[in-house]
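Given next are the chains, with one letter for each unit.
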Amino acid sequence: MTEFDLRLRAVVPAPPKVVYEALTDPAALRVWLTDHAEVDLPGRYEFWGRHTPDGAEPHQRVLHADERTIRLAWTVEGVETISQIELADDEDGTLVTLSQSDLPSFEDIIADKAGARGALQTFWSLAIANLADYLSGRELTPKCDFTSTELRASVVIDAAPDEVFDSMIQPARFREWFGANVDIEPRLGGRFAMGGFELDPGGAKFVEFEPGRKATLLFADGITDTWELEGSAGKTRLTLVESGFDPDNPPYPGWAGWLGGIAALRRYHELPRWRSIWRGIEMAGVPEGMFVTD
């Protein structure tokens, strides 16, 4: 029996039959998942490209496929992992459960020592978020380009800059949309700690802080994350930039995590009856209380 290191559970707004079609139609996969996809079940299910970890060519083979489950062997940097997607009925659409085996340790992922396998958790989180928006007919969030050292993304959010900025620096609001515990001191020189100050007492520091306009976080390893907000007609163009890293080892896992967060932030501000899509996140080695879900 496969031992999974990761389980993500999310509700997406469509019945299982429609979700299954989005999961198995190559044209749909090329929109919400990655650049290239070819599917001919039960024998073939492949995806690859610059938006896929270790994606220069396809490395998947089908282990099982029916109308509710797709199980793949996916070799990433020479290690064969198992990825499994299961669908179940839910009153709000379809409960999607993504299970992934053979992840590196959480400590190695955090320290950017895990290679492409270290990005699988955030790759799948962003993919499921984009699947939910694809099924809703919404604009998708930019994907992580695993071939580029320019980590920059820009989206338009249907809310005013002050409102968006507030939701990014007030810890209670941040926990709502991002789905992880966080402690924040919202001021210049204040600390920001994903997981809370008990896990990371020093945290990152705000080295720029202009309410409604800009904030920059400096992390202990020298990496900076900058949020720039520009308002127009009641909307906000939010641009995120990550810099200061070793160009030979871009922090793709964390960057893909920020992109998944942007997807959640957009839904948080734009959906009239907002509720997080996430119903459960389990990952081996993650400190208890790290994730916040319904």
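Residues numbered from 1 in each chain as written. Predicted model: local features only at pLDDT ≥ 70, side-chain atom pairs only at ≥ 80, totals over all residues. Heavy atoms only, no water.

A. How the structure looks around the pairing of strand β3 (residues 44-48). Of all 5 residues that make up β3, 4 are buried, and the element is covered over most of its length. With antiparallel pairing between neighbouring strands as the criterion, strand β2 (residues 36-40) and β3 make up a hairpin whose turn holds 3 residues. (Buried < 20%, exposed > 50% of the residue type's maximum accessible area, 1.4 Å probe, protein only. Helix = DSSP H or I, 4+ residues; strand = E, 2+ residues; numbered from the N terminus. Pairing = 2+ DSSP bridges.)

B. Fine view of helix α4 (residues 120-136). Here α4 spans 24 Å end to end across 17 residues, near enough to the 24 Å set by a 1.5 Å rise per residue. By the criterion of burial, α4 is predominantly enclosed, with 15 of the 17 residues buried. (Expected span 1.5 Å × (residues − 1).)

C. A look at the packing of aromatic side chains. Within this structure, the stated rule accounts for 21 aromatic pairs. Between Trp74 and Trp124, the ring centres sit 5.9 Å apart and the planes meet at 85 degrees, which makes this aromatic pair edge-to-face. Pair noted here: Trp74 is in strand β5 (residues 69-76) and Trp124 is in helix α4, with a separation of 50 residues, a long-range link. As far as burial versus exposure is concerned, Trp74 and Trp124 are alike and both buried. Seen in terms of ring centroids, Phe192 and Trp227 are 6.3 Å apart; in terms of plane orientation they differ by 70 degrees. Their pairing is edge-to-face. Taken together, the residues span a long stretch of sequence, with Phe192 in strand β10 (residues 191-194) and Trp227 in strand β13 (residues 224-232) at a distance of 35 residues. Neither residue differs from the other here; Phe192 and Trp227 are each classed as buried. Among the aromatic side chains, those forming a connected cluster through ring pairs are Phe165, Phe174, Trp177, Phe178, Phe192, Phe206, Phe209, Trp227 and Trp258. When the ring centre of Phe197 is taken as reference, the NZ or CZ atom of Arg191 above it lies at 3.8 Å. (Phe/Tyr/Trp six-rings, centres within 6.5 Å; stacked < 30°, edge-to-face > 60°. Lys NZ or Arg CZ within 6 Å of the ring centre and 35° of its normal.)

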